[in-house]
Structure formats: structure tokens, C-alpha cells
Amino acid sequence: MPTWRRWPSKEITHDLATEQMKIRTLTTFKNFDMDFKLGQVFTEDLGPVDGRVCQTTVDWDGDKLLCVQRGEKEGRGWTHWLEANKLHLEMRVGDVVAKQVFKKAD
């Protein structure tokens, strides 16, 4: 019998020595791992998510993690930041913005 998740789960790890980061998103329908080095452009294969391949850069912008995705549409990317025990995610494409808030697991 499959395991159903009531809400998405997100794990973020950061190796300070190498600036390597990994973001793992787990949902009922799709799981996605993103492994990258801060500040370096890499080819991101978003096949499991929406079929795109793009050139991506992720880096700190103050206390926010900012992702810029270059590909078929302008202004695409996302921003992650913490407020208290909540992880905020703002996703953008053009002038469309979607927001998610994750609560830290107990």
C-alpha cells in the first residue's frame, strides 16, 4: 500500500566548507532533489517536475536563498527564507507569483 503525505516535506542541507547545498522536496505525487554549489551556474533538469531544462544559479541575497532560472521564460526562479519556525518559498515566472509556507517539524 502506498504511503500518502498530508503535506510536502522539504530538507535543506548546506556544507559551509564547500558551499554545496542540497534541497530535497518530498510530496505524495513527486519527489525532487536539487544539488548545487552556491553562486555557480548549472544545468538543472526539471524533468520530474515539469519537463524543463534550464540554466540555474542559486546564491544568498542577504538572508534569503535566491534562485534564477534561465530558459524559455523570463523572470523565472524562487526565493527561500526563514521566519521563526517557518520556511517561506516564493516561486516566480514573469509577473506570476506563488507562495508556500512550510512549518518546521517537531
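See the structure above.
Residues numbered from 1 in each chain as written. Predicted model: local features only at pLDDT ≥ 70, side-chain atom pairs only at ≥ 80, totals over all residues. Heavy atoms only, no water.

**A closer look at the packing of aromatic side chains**
- Taken as a whole and judged by the stated rule, the model has 1 aromatic pair.
- Across from the ring centre of tryptophan 81, 4.5 Å away, lies the NZ or CZ of lysine 64, which sits over that ring. (Phe/Tyr/Trp six-rings, centres within 6.5 Å; stacked < 30°, edge-to-face > 60°. Lys NZ or Arg CZ within 6 Å of the ring centre and 35° of its normal.)

**Let's talk about the environment of glutamine 55**
- The residue glutamine 55 is located in strand 5 (residues 52–61) in this model.
- Apart from the residues within four sequence positions on either side, glutamine 55 is in contact with Val41, Phe42, Thr43, Val68, Gln69 and Arg70.
- Among the polar contacts made by the side chain of glutamine 55, one reaches the side chain of threonine 43 at a distance of 2.8 Å. (Helix = DSSP H or I, 4+ residues; strand = E, 2+ residues; numbered from the N terminus. Contact = heavy atoms within 4.5 Å. Polar contact = N/O pair within 3.5 Å; in protein donor to acceptor, adjacent residues only side chain to side chain.)

**Concerning the sheet that holds strand 8 (residues 86–93)**
- On the basis of which strands lie adjacent, the open sheet formed by 6 strands has the order 4-5-6-7-8-9 and antiparallel pairing. Either end of the sheet is taken by a strand with one partner, and the two such strands are strand 4 (42–46) and strand 9 (96–103). Strand-to-strand, the axes of this sheet are offset by a mean angle of 25 degrees, without reference to chain direction.
- Judged from the 5 bridges that link them, strand 6 (residues 64–70) and strand 7 (residues 76–83) form a sheet pairing that is antiparallel. (Pairing = 2+ DSSP bridges. Axes fitted to C-alpha atoms, helices over the stretch in contact; angles between N-to-C directions.)

**Quick word on the pairing of strand 5**
- One ladder, built from 5 bridges, connects strand 4 with strand 5; its direction is antiparallel. Residue pairing across strands places leucine 46 opposite arginine 52, the latter belonging to strand 5.
- The hairpin formed by strand 5 and strand 6 contains 2 residues between the paired strands, and glycine 62 there has a positive phi angle of roughly 70 degrees.

**Considering the pairing of strand 1 (residues 9–15)**
- Note: strand 1 against strand 2 (residues 20–26), 7 bridges, orientation antiparallel. Across the sheet, residue lysine 10 finds its bridge partner in strand 2, namely threonine 25.

**What to know about the sheet that holds strand 1**
- Strand order in the open sheet made by the 3 strands is 1-2-3, with antiparallel pairing throughout. The open sheet has two free edges, formed respectively by strand 1 and strand 3 (31–37), since each of these has just one partner strand. Mean inter-strand twist for the sheet, computed between neighbouring axes without regard to direction, equals 10 degrees.

**Concerning the pattern of salt bridges**
- On inspection of all chains with the given rule, the structure shows 4 salt bridges.
- The partner of arginine 76 in a salt bridge is glutamate 72, with the nearest N and O atoms 3.4 Å apart.
- Here glutamate 90 ties to lysine 99 by a salt bridge, and the two come within 3.9 Å at their closest N and O atoms.
- Glutamate 90 sits in the buried class, given a relative accessible area of 19%.
- Judged by relative accessible area, lysine 99 falls into the exposed class, the value being 62%.
- Within this structure, Glu90, Arg92 and Lys99 form a network of salt bridges that share partners. (Salt bridge = Lys/Arg side-chain N within 4 Å of Asp/Glu carboxyl O. Buried < 20%, exposed > 50% of the residue type's maximum accessible area, 1.4 Å probe, protein only.)

**Some thoughts on the environment of lysine 64**
- Here lysine 64 shows up in strand 6.
- Relative accessible area serves as the criterion here: at 33%, lysine 64 is assigned to the partly exposed category.
- Sequence-distant contacts of lysine 64, that is, excluding residues within four places in its chain, are made with Asp59, Thr79, His80 and Trp81.

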